[in-house]
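# A closer look at the structure
If you want the building blocks of each chain, they are given just below.
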6 protein chains.
Amino acid sequence: MRLTRRYSFSASHRLHSDALSEAENDATYGKCNNPYGHGHNYVLEVTVRGAVDALTGRVADLPSLDNFVTQEIVSRYDHRNLNEQVPELAGLVPTTEVVSAVIHARLDAGWPKDWPALDRVRIWETRNNIFEVTKDRS
Amino acid sequence: MRLTRRYSFSASHRLHSDALSEAENDATYGKCNNPYGHGHNYVLEVTVRGAVDALTGRVADLPSLDNFVTQEIVSRYDHRNLNEQVPELAGLVPTTEVVSAVIHARLDAGWPKDWPALDRVRIWETRNNIFEVTKDRS
Amino acid sequence: MRLTRRYSFSASHRLHSDALSEAENDATYGKCNNPYGHGHNYVLEVTVRGAVDALTGRVADLPSLDNFVTQEIVSRYDHRNLNEQVPELAGLVPTTEVVSAVIHARLDAGWPKDWPALDRVRIWETRNNIFEVTKDRS
Amino acid sequence: MRLTRRYSFSASHRLHSDALSEAENDATYGKCNNPYGHGHNYVLEVTVRGAVDALTGRVADLPSLDNFVTQEIVSRYDHRNLNEQVPELAGLVPTTEVVSAVIHARLDAGWPKDWPALDRVRIWETRNNIFEVTKDRS
Amino acid sequence: MRLTRRYSFSASHRLHSDALSEAENDATYGKCNNPYGHGHNYVLEVTVRGAVDALTGRVADLPSLDNFVTQEIVSRYDHRNLNEQVPELAGLVPTTEVVSAVIHARLDAGWPKDWPALDRVRIWETRNNIFEVTKDRS
Amino acid sequence: MRLTRRYSFSASHRLHSDALSEAENDATYGKCNNPYGHGHNYVLEVTVRGAVDALTGRVADLPSLDNFVTQEIVSRYDHRNLNEQVPELAGLVPTTEVVSAVIHARLDAGWPKDWPALDRVRIWETRNNIFEVTKDRS
């Protein structure tokens, strides 16, 4: 059984790598390299996987899950500049691939041992750009 | 090849377990424990998995699938109270986890032997709460 | 300039009029007359109409509007039974027409005199059923 | 007859008025006052109103409309910082109210005399925040 | 009070006017002039405007409205070729402007005298192309 | 890490198999067998699976992916009749199962060796009919 919860946050970012020349940055990121940045309404989906509790009929305690995701991610990313204001993204290029991987790693690191497994993190950057990190089960 | 069909039904429910004290019910289900119940527009997705028929170009016969799902689930859940009016949910707490598992079990039990496999049942309780039961392939 | 904010609440209801016979209730409301009730995820849109404030660039103070609508409507309708638990609907048939009209009347009655005008209340009962009350400007 | 076309652009902004104190800015704009800015995926709807051409069956020439809106707005707002990189917004607080009014004014000013009337500009800042400017017909 | 119901139908069409030269057809309709046609999933919204009935709490009898719209429009347009198989479109260029106007006219002509008023017909040709016919109230 | 991009095209088709009798065609395809055809707005999702590039923070080069999918599929299917105008569908019944499989095969055949893997092709024929081809990893 999988349970998915959707959250959202609005943030700005600029795609620019100090390891690339100006021409390479332009070729790689195009208009996303604009020095003044741009922004998105991100939708974050967190999926947990586990058995249904026989007593409560629930897979996860939703208020606890919401508190955890809100505290770790939403309240720290919402209405922020991802290049400048999120410590775990410092020095990284905040593509949504990187943002997804960093969010997955942060949730995974703090994930309580007795919770059902973190199955997947998915981010919708726009309606047409969707990124997904699935936890390696090996 | 997977084919997913979407159905919908509107129903009411109350989350309450007789095995829990009043305080535990409140702590577990919060406002969903309201004795008068509340309701949702549920979206039900049924996914089948199989090969494309070389003659017809179809994975499944859609009218047959629709008839089966409508007869077994939609017509029996739509505009009903899930606590009181759906026999297979009697005595269970109708969380959407339980509803998903019960719907999956009912479809699986009646699933014709010569149809492509039932791959997944997914229910959207709201736009932000999504539940999924995948058939164990072991 | 119009500004629309969307809110949502989940509730159950039963359509039944004591002024109608059982046969008339059935003919009028069909499966919505089910005595155990059913429910929906309602989406409530509140539209205000006014000029843009030259200093702040805003038509309305959104936190104040959100507080008002949440206190008057959302917190009182969400996860409730509309027949039994909302005083202003007592004795009425809680069709979404009636619910829309009652919500509009309640917002209008408590609407602060110095706010931009309440322009419209719209409720989505389902994706395909939409109800709208526009304030008479005469 | 009205015809509406939807466009979209992603941009960043910061809500801050130099005419307000720091405390007033914070009270008015909250987290939208974050000095590093944040961003959105904006959806822009442009509505024209006119008669159907008897020969072509069209109200407007869509390629011409698309070219006009893209050149005047989308290409100049997409992936930009609204505070710094859009000349007509310079010195204004780029609330979506102001952005809507400025976009409406710019489209109206350049609108070809022989086109069907510009009826309405509507912007979705998020799924739940919608702004609309209707041309005064008086 | 306005009530809107949504219906849908899938159909094919080709935009071509016999009154235009081949070059003019190409310039006016572009790829929509493809002689083999193309198609869309159309969404049809029908809005009625009236008072809430004091006895039933309804603006309109929905089953009657659904029967009327299905019989007059949906069953006759769904899975059809609009150029060839819909008599009232014969000889017309089936742009969605024309289709909207013809559907409005047909609903209006057959609209029962004792029903609440037909307020508006709106068609979504795609997610980004929306057409609307409002009944002239003069 | 998976990255999904959404594309769309509008096309017409007719479901008819020369290997079936008229009665069998009618029984199998129902109103989709209409000789004049009908049409849909198809949404095409292409998913790639790979590691995030350490230098650029990207899984795939989006402009290259967009060019490839647009050139191979979108520009060749959009505003076309799938029975008559798409060579790789010639002689096949263009059900969306077949269309999905053919699109997957074509993308797979031309997929550059040094790109991240093609993980999945999914097509939404309508909001309620979804088809998915996953590459066999064996």
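What you see is a predicted model, and the numbers here were worked out from it, not measured in a lab.

Looking only at helices and strands, one finds three helices and five strands in chain A. Reading the secondary structure of chain A in the N-to-C direction produces β-α-β-α-β-α-β-β. Principal-axis analysis of the C-alpha atoms places the extent of chain A at approximately 60 × 30 × 25 Å. Considering chain A as a whole, with its 138 residues, one finds that 58% of them fall into the buried category. In chain A, the share of contacts with a sequence separation of at least 24, taken over all contacts with a separation of at least 6, comes to 67%. Counting every atom, chain A has about 5800 Å² of accessible surface; 49% of that belongs to carbon and sulfur.

Turning our eyes to something else, we now look at the interface of chain D and chain C. Listed by partner, the interface residues are 21 residues for chain D and 14 residues for chain C. Counting each side, the surface lost to burial between chain D and chain C is near 1500 Å², with a carbon and sulfur contribution of 50%. On the chain D side of the contact with chain C, Glu97, Ile130 and Glu132 of chain D bury the most area, a combined 34% of that side's loss. For the interface between chain D and chain C, the tally reads one salt bridge. Notably, a salt bridge pairs arginine 58 of chain C with glutamate 97 of chain D, separated by 3.4 Å at the nearest N-O pair. Here chain D is connected to chain C by eight residue pairs in polar contact (both at pLDDT 80 or more). Of all the secondary-structure elements, those providing two or more residues to the side of chain D that touches chain C are helix H1 (22-29), helix H3 (96-110) and strand S5 (129-134) of chain D. The element that contributes the greatest number of residues to the side of chain D that touches chain C is S5 of chain D, accounting for six residues. Residues of the side of chain D that touches chain C, tallied by class, amount to 11 nonpolar, seven polar and three charged. Direction of pairing for strand S1 (residues 2-13) of chain C relative to S5 of chain D: antiparallel, over a ladder of four bridges. Paired with arginine 2 of chain C across the strands is glutamate 132 of chain D, a residue of S5 of chain D.

Looking now at the interface of chain D and chain A. Contact with chain D, which involves 20 residues of that partner, is made by 20 residues of chain A. With both sides pooled, the region where chain D packs onto chain A buries about 1600 Å², and carbon together with sulfur makes up 50% of that total. Together, Tyr36, Asn41 and His79 of chain D form the three largest contributors to the area buried by chain D at its contact with chain A, with a combined 38%. Counting every contact that joins chain D to chain A gives two salt bridges.

On the surface, a cluster of positive charge is contributed by Arg127 of chain A, Arg127 of chain B, Arg127 of chain C, Arg127 of chain D, Arg127 of chain E together with Arg127 of chain F. Of note, arginine 127 of chain C is situated in the loop between strand S4 (117-126) and strand S5 (129-134).

The operation relating chain D to chain C is a screw motion whose rotation component is 120°, with 0.0 Å of axial translation and a residual RMSD of 0.0 Å. Such a turn and shift between the copies fits a three-fold axis. Scanning chain D for the C-alpha nearest the rotation axis identifies arginine 127 of chain D, at a separation of 8.6 Å.

Moving on, we get to helix H2 (residues 62-77) of chain F. Within an α-helix, residues lying three or four positions from one another point in the same direction, as the helix has 3.6 residues per turn. All names here are of chain F. Along H2, the helix axis deviates most sharply at threonine 70, where the bend reaches about 50°. Among the residues of H2, those classed as buried are Leu62, Leu65, Asp66, Phe68, Val69, Glu72, Ile73, Val74, Arg76 and Tyr77. Following H2 by one or two positions, histidine 79 adopts a phi angle in the positive range, close to 60°.

Screw-axis analysis of chain D against chain A gives a translation of 0.0 Å along the axis, an RMSD of 0.0 Å, and a rotation angle of 180°. The transformation just described matches what one would write down for a two-fold rotation axis. Both copies share a contact surface, since 100% of the interface residues of chain D are interface residues in chain A too.

Evaluated as defined, the whole model comprises 30 aromatic pairs over all chains. Pairing phenylalanine 68 of chain B with tryptophan 115 of chain B gives two aromatic rings, centres 5.5 Å apart and planes at 80°, and the pair type is edge-to-face. Residue phenylalanine 68 of chain B is located in helix H2 (residues 62-77), and its partner tryptophan 115 of chain B is located in the loop between helix H3 (96-110) and strand S4 (117-126); the two are separated by 47 residues in the primary sequence. Phenylalanine 68 of chain B gets classed as buried once you look at its relative accessible area, which sits at 11%. Since its relative accessible area comes to 25%, tryptophan 115 of chain B is described here as partly exposed. Ring-pair connections join several aromatic residues into one group, and the members of that group are Phe9, Tyr42 and Tyr77 of chain A.

How each quantity is defined
Residues numbered from 1 in each chain as written. Chains lettered and ligands numbered in written order. Predicted model: local features only at pLDDT ≥ 70, side-chain atom pairs only at ≥ 80, totals over all residues. Heavy atoms only, no water. Helix = DSSP H or I, 4+ residues; strand = E, 2+ residues; numbered from the N terminus. Buried < 20%, exposed > 50% of the residue type's maximum accessible area, 1.4 Å probe, protein only. Contact = heavy atoms within 4.5 Å. Areas by Shrake-Rupley, 256 points an atom, 1.4 Å probe, with all protein chains shown as cover. Buried area = accessible area lost by both parts, 1.4 Å probe. Salt bridge = Lys/Arg side-chain N within 4 Å of Asp/Glu carboxyl O. Polar contact = N/O pair within 3.5 Å; in protein donor to acceptor, adjacent residues only side chain to side chain. Nonpolar A, V, L, I, M, F, W, Y, C, P; charged D, E, K, R; others polar. Pairing = 2+ DSSP bridges. Patch = residues over 30% accessible without salt bridge, like charges linked within 9 Å, V, L, I, M, F, W, Y side chains within 5 Å. Lys, Arg positive; Asp, Glu negative; His and termini not counted. Charge placed at Lys NZ, Arg CZ, Asp CG, Glu CD. Least-squares fit on C-alpha atoms with pLDDT ≥ 70 in both. Bend = angle between axes of the 7 residues up to and from the residue. Phe/Tyr/Trp six-rings, centres within 6.5 Å; stacked < 30°, edge-to-face > 60°.

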